[in-house]
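Observations on chain architecture
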Amino acid sequence: MILRRCSCLNELPSRMGKLINLRHLDIFGCDSLKEMSNHGIGQLKSLQRLTYFIVGQKSGLKIGELRELPEIRGALYISNMKNVVSVNDALQANMKDKSYLDELILDWDDRCTDGVIQSGSTIHDILNKLLPHPNLKQLSIRNYPGVRFPNWLGNPLVLNLVSLELRGCGNCSTLPPLGQLTHLKYLQISRMNGVECVGSEFHGNASFQSLETLSFEDMLNWEKWLCCEEFPHLRKLSMRCCPKLTGKLPEQLLSLEELQIYNCPQLLMTSLTVLAIRELKMVNFGKLQLQMVACDFIALQTSEIEILDVSQWKQLPVAPHQLSIRKCDYVESLLEEEILQSNIYDLKIYDCSFSRSLHIVGLPTTLRSLSISQCSKLEFLLPELFRCHLPALQRLRIFGGVIDDSLSLSFSLDIFPELTHFAINGLKGLRKLFISISEGDPTSLCVLGIHIQECPNLESIELPGIKLEYCWISSCSKLRSLAAMHSSIQELCLWDCPELLFQREGVPSNLSELVIGNCNQLMPQMEWGLQRLTSLTRLRMEGSCADFELFPKECLLPYSLTCLEIVELPNLKSLDNWGLQQLTSLLELGIINCPELQFSTGSVLQHLISLKELRIDGCPRLQSLTEVGLQQLTSLERLYIHNCHELQYLTEVGLQHLTSLETLYINNCPKLQHLTKQRLQDSRGLQHLISLKYLGVENCPMLQSLKKDGLQHLTSLKALDIRNCRKLKCLTKEKLPDSLSYLIVRECPLLEKRCQFEKGEEWCFIAHIPEIVIKHVLF
């Protein structure tokens, strides 16, 4: 029985005990299941897989019920261990005889370990009685509230453990002798706030002969690690959020390949020998000097270091691939000196304040990515930065930050020949941006993406002659000029730039996508020359063009257009039939939130012979799709109607021409009473939709019946989804088609009654459907 991740399931079947041949019960991820009532789980003697066991209170399931399940194997998660109050009950669970179990998780619930010691010695005795079989390979003890770990943890009784996790055992002040587990390879210790010192008791009489991965995390009170022994086979060491740790680490980690130190600001080490290191990540740590063989960095695959205090550094401990400089005083000295002249690929500078001009910016020529975030007085850095020659730089990003005096940035792609992504976001004080290429320079062939956002002082952008894959400009309230003379831009997206005007030359000739949103001065006009752009395939016009009443004008748009989206034009009153008639290649049309739009001209879309998707959303004046010429759209495959408050029916002339329609979805049309007009229903209004696979109707409170729409004739229909149509009484008068595999009826009280399992008047018409959901119940 597989119930995995059934998040709404709150109770198991009351007769579970009758399933005497059941071998698999998977209830992992059933978050609403808070307790497993004692319905005979112990009678399932053939059970081999039980992923989750919830210990109950009082009348709930006791842990002792596990004694009757000797065959369980694989992984077992036992939660709510806090409800085990009897040592005898823990003993009856007979965990020591479950020889097929590979993995065991014992979880007490993190709410019972916040410094509260529950039942003192009883808790310790309970865990002592849960000694697992020696075959167990993986063990996790979570949120254990006792002050001592069980006697068996660390002794030969669990010698075969390969993986061990101790998490949230906050009342324990010492660690068990885990070094004696000779087969242990993976050890994770976290959230043990009672531990202040780790010493010889951790190693015991051995020295972790097989341990490969060791992780300490969120050890908030740990101060010292008295490393008496070494770790001969340790390959990965991770230490995170140990804010008080000042002691030393093991000095001879000859097999270590990966070292991660995060948020250990007091950690001070003079020497750490790591001969085989390949991955290094060090963020917010104290001081650590690594010793490597002959400074051979060739084997170092990835590395990350963060610098906060430049006064600590005369040289970097290794040559990092990723370097972060954060909240660092005297950052100018760091950038000017040779400390950064190493194989750095990724450099991040953030939360730094510059106090003087830089004489030189000494960045490594290997740099591929540079990010400057939330820095102040950038007028001291940026002019010198944009004179650097960085031949490998691919990504340059400036996020946030302030330029005290207004600044114009100008640079040539000559200095960044490999640049593919350039972004400026939230930079205050930038007034002009000019990016160019040298005449005849090979960088003119680069594919470059530019993203400029939320620069409140930016007035003009010039991009002469460069090749762009995309150019996105948004939320620049003072931007008035965008000049891209002789440039090649494939995708141009302009948002929230209310003062922006195109220069006289208009838009780039090879433009394939154009998106204009909330730019009050930008209204497509003949002078732009859009009609000549044979590569333009997508156009989206959105927001607050106050003078837009008619769109598109005749001969304004090119015949190559395949996607047109008209969104939130508050004063748009009509679509121009002559302007649309040349769009014979159009595949997708979206008309969204145009409250004044009327379709009174009739058959306005009739020339869109290639149209495959039509979406009309938020057009309250639409009363019928007959007005838009729906009957002419013989290639239409997807039709979506949303939030059309005056729509009473789809059509009054029939849908017999829509033989390609596969999806029909109608949502939130409060006046919709019928899908087809009453006089057409007798001729089976939907019967010609021979390709229809999905029909959905939702939030249509006035819809009363689908009986006369001929659902039984939709021989390709696979899914029928009806929701929140509270007056809907009838679905069909005949058996629905055999092609239907999924039916859902929700929040339709009258129809739910007629479709009631084996009792409803229409049940006989739907009983053959493989998957039926009525009122949240699956049949």
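Residues numbered from 1 in each chain as written. Predicted model: local features only at pLDDT ≥ 70, side-chain atom pairs only at ≥ 80, totals over all residues. Heavy atoms only, no water.

Once that is clear, we can look at the overall build of the protein chain. In terms of regular secondary structure, the protein chain is built from 9 helices and 42 strands. Counting over 779 residues, the protein chain shows a buried share of 51%. At a minimum sequence separation of 6, the contacts of the protein chain that also span at least 24 residues come to 55%. When the accessible area of the protein chain is evaluated, it comes to approximately 33,600 Å², of which 47% is carbon and sulfur surface. (Helix = DSSP H or I, 4+ residues; strand = E, 2+ residues; numbered from the N terminus. Buried < 20%, exposed > 50% of the residue type's maximum accessible area, 1.4 Å probe, protein only. Contact = heavy atoms within 4.5 Å. Areas by Shrake-Rupley, 256 points an atom, 1.4 Å probe, with all protein chains shown as cover.)

Another point: the side chain of N667. One can find N667 in strand β37 (residues 663-667). Polar side-chain contacts of N667 include one of 2.9 Å to the side chain of N699. (Polar contact = N/O pair within 3.5 Å; in protein donor to acceptor, adjacent residues only side chain to side chain.)

Our next topic: the sheet that holds strand β24 (residues 460-462). Here 5 strands make up an open sheet; going across it, the order is β20-β22-β24-β26-β28 and the pairing parallel. The sheet is open, and its two edges are formed by β20 (402-412) and β28 (501-502), each paired on a single side. (Pairing = 2+ DSSP bridges.)

Approximately 390 Å³ is the volume attributed to the largest pocket. Considering the residues around the largest pocket, the lining is formed by 15 residues, among which L33, K34, Y52, S79 and N80 are closest to the centre. Looking at the lining of the largest pocket, the elements that each hand over two or more residues are β3 (52-54) and β4 (74-79). Its residues assigned to classes, the lining of the largest pocket shows 6 nonpolar, 3 polar and 6 charged. (1 Å grid on protein atoms, 1.4 Å probe; cavity = no way out; pocket = protein on both sides within 12 Å on 5 of 7 lines; lining within 4 Å. Points joined across faces, edges and corners; volume = space filled by probe spheres on them. Nonpolar A, V, L, I, M, F, W, Y, C, P; charged D, E, K, R; others polar.)

The next point concerns the environment of E462. Here E462 is to be found in strand β24. Sequence separation between E462 and A483 is 21 residues, and the spatial gap between their C-alpha atoms is 4.8 Å. Those residues in contact with E462 that sit more than four places away from it in its chain are L433, F434, I435 and A483.

A separate point is the confidence of the model for the protein chain. Predicted coordinates in regions of low pLDDT should not be interpreted in detail. Across the protein chain, the average pLDDT comes to 85, with 87% of residues at 70 or higher. Low pLDDT (under 50) marks residues 113-118, which in the prediction has 14 contacts with non-local residues, meaning those over four places away or in another chain. (pLDDT = per-residue confidence, 0-100.)

Tallied over the entire structure, the rule returns 21 aromatic pairs. Centroid distance F208 to F231: 5.1 Å. Interplanar angle 25°. Geometry classified as stacked. Taken together, the positions of F208 in the loop between α3 (200-203) and β10 (213-217) and F231 in the loop between β11 (224-225) and β12 (236-240) put the pair 23 residues apart, joining distant regions of the chain. An aromatic cluster is built from F202, F208, F216, W222, W225 and F231, whose rings are joined through pairwise contacts. A cation over an aromatic ring shows up here: R73 above the ring of Y100, its NZ or CZ 4.3 Å from the ring centre. Lying across the ring of Y262, R240 places its NZ or CZ 4.1 Å from the centre. (Phe/Tyr/Trp six-rings, centres within 6.5 Å; stacked < 30°, edge-to-face > 60°. Lys NZ or Arg CZ within 6 Å of the ring centre and 35° of its normal.)

This part takes up the pairing of strand β36 (residues 638-642). Within β36, 4 of the 5 residues are buried, which leaves it mostly tucked inside the rest of the structure. Relative to β37, β36 is paired through 5 bridges, and the arrangement is parallel. Across the sheet, the residue bridging to R638 is T663, located in β37.

Before going further, it helps to examine the pattern of salt bridges. Counted by the stated rule, this structure contains 28 salt bridges. Its salt-bridge partner being D97, residue K96 comes within 3.7 Å of it at the nearest N-O pair. Residue K96 is classed as partly exposed on the basis of its relative accessible area, which comes to 45%. Using a relative accessible area of 42% as the deciding quantity, one classes D97 as partly exposed. (Salt bridge = Lys/Arg side-chain N within 4 Å of Asp/Glu carboxyl O.)

Our focus in this paragraph is the environment of S324. As for its position among the elements, S324 is in strand β16 (residues 322-326). When its relative accessible area of 6% is taken as the criterion, S324 is described as buried. Residues S324 and L347, 23 residues apart in the sequence, show an inter-C-alpha distance of 5.9 Å.

On to the nonpolar core. Core analysis: the largest hydrophobic core is formed by 147 residues, its most contacted members being L382 and L564. Ranked by residue count, the leading element in this core is β20, at 4 residues. Apart from residues no more than four positions distant in its own chain, L564 is found in contact with L539, F551, L557, L580, L583, L586, E588, L589 and G590. (Core = buried A, V, L, I, M, F, W, Y, C linked by side-chain atoms within 4.5 Å.)

Another aspect to go through is a nonpolar patch on the surface. Nonpolar side chains collect at one region of the surface, where F757, V777 and F779 lie side by side and expose about 240 Å² of accessible area between them. Position of F779 relative to the elements: it lies in the segment after β42 (777-778). The partly exposed category is assigned to F779, whose relative accessible area is 34%. (Patch = residues over 30% accessible without salt bridge, like charges linked within 9 Å, V, L, I, M, F, W, Y side chains within 5 Å.)

Attention now goes to the environment of E542. Structurally, the position occupied by E542 is in strand β30 (residues 538-542). Assessed through its relative accessible area of 11%, E542 is described here as buried. It is 8.5 Å that separates the C-alpha atoms of E542 and C519, two residues lying 23 residues apart in sequence. The residues touching E542, leaving out its near neighbours within four places in the chain, are W495, I516, G517, N518, V567, E568 and L569.

A few words on the pairing of β16. The element β16 is extensively covered by neighbouring structure, given that 4 of its 5 residues are classed as buried. Pairing of β16 with strand β17 (residues 346-350), which is carried by 5 bridges, proceeds in the parallel orientation. Residue pairing for β17: S324 is matched across the bridge by K348.

Evaluated as defined, the whole model comprises 0 disulfides. The thiol of C644 is not disulfide-bonded; the next cysteine sulfur, from C669, is found 5.2 Å away. Assessed through its relative accessible area of 0%, C644 is described here as buried. (Disulfide = S-S within 2.5 Å.)

Attention shifts here to unusual backbone geometry. Cis peptide bonds are those with omega within 30 degrees of zero, and the linkage from F551 to P552 qualifies with -15°. Position of P552 among the secondary structure elements: in the loop between β31 (550-551) and β32 (563-567). Here the phi dihedral of N94 falls at roughly 55°; this positive angle occurs in a residue that is not glycine. Its place among the elements puts N94 in the loop between α1 (87-92) and β5 (101-107). On the basis of relative accessible area, N94 is assigned to the partly exposed category, the value being 23%. Look at N518: it is not a glycine, yet its phi comes out positive at around 55°. Positionally, N518 belongs in the loop between β29 (513-517) and β30.

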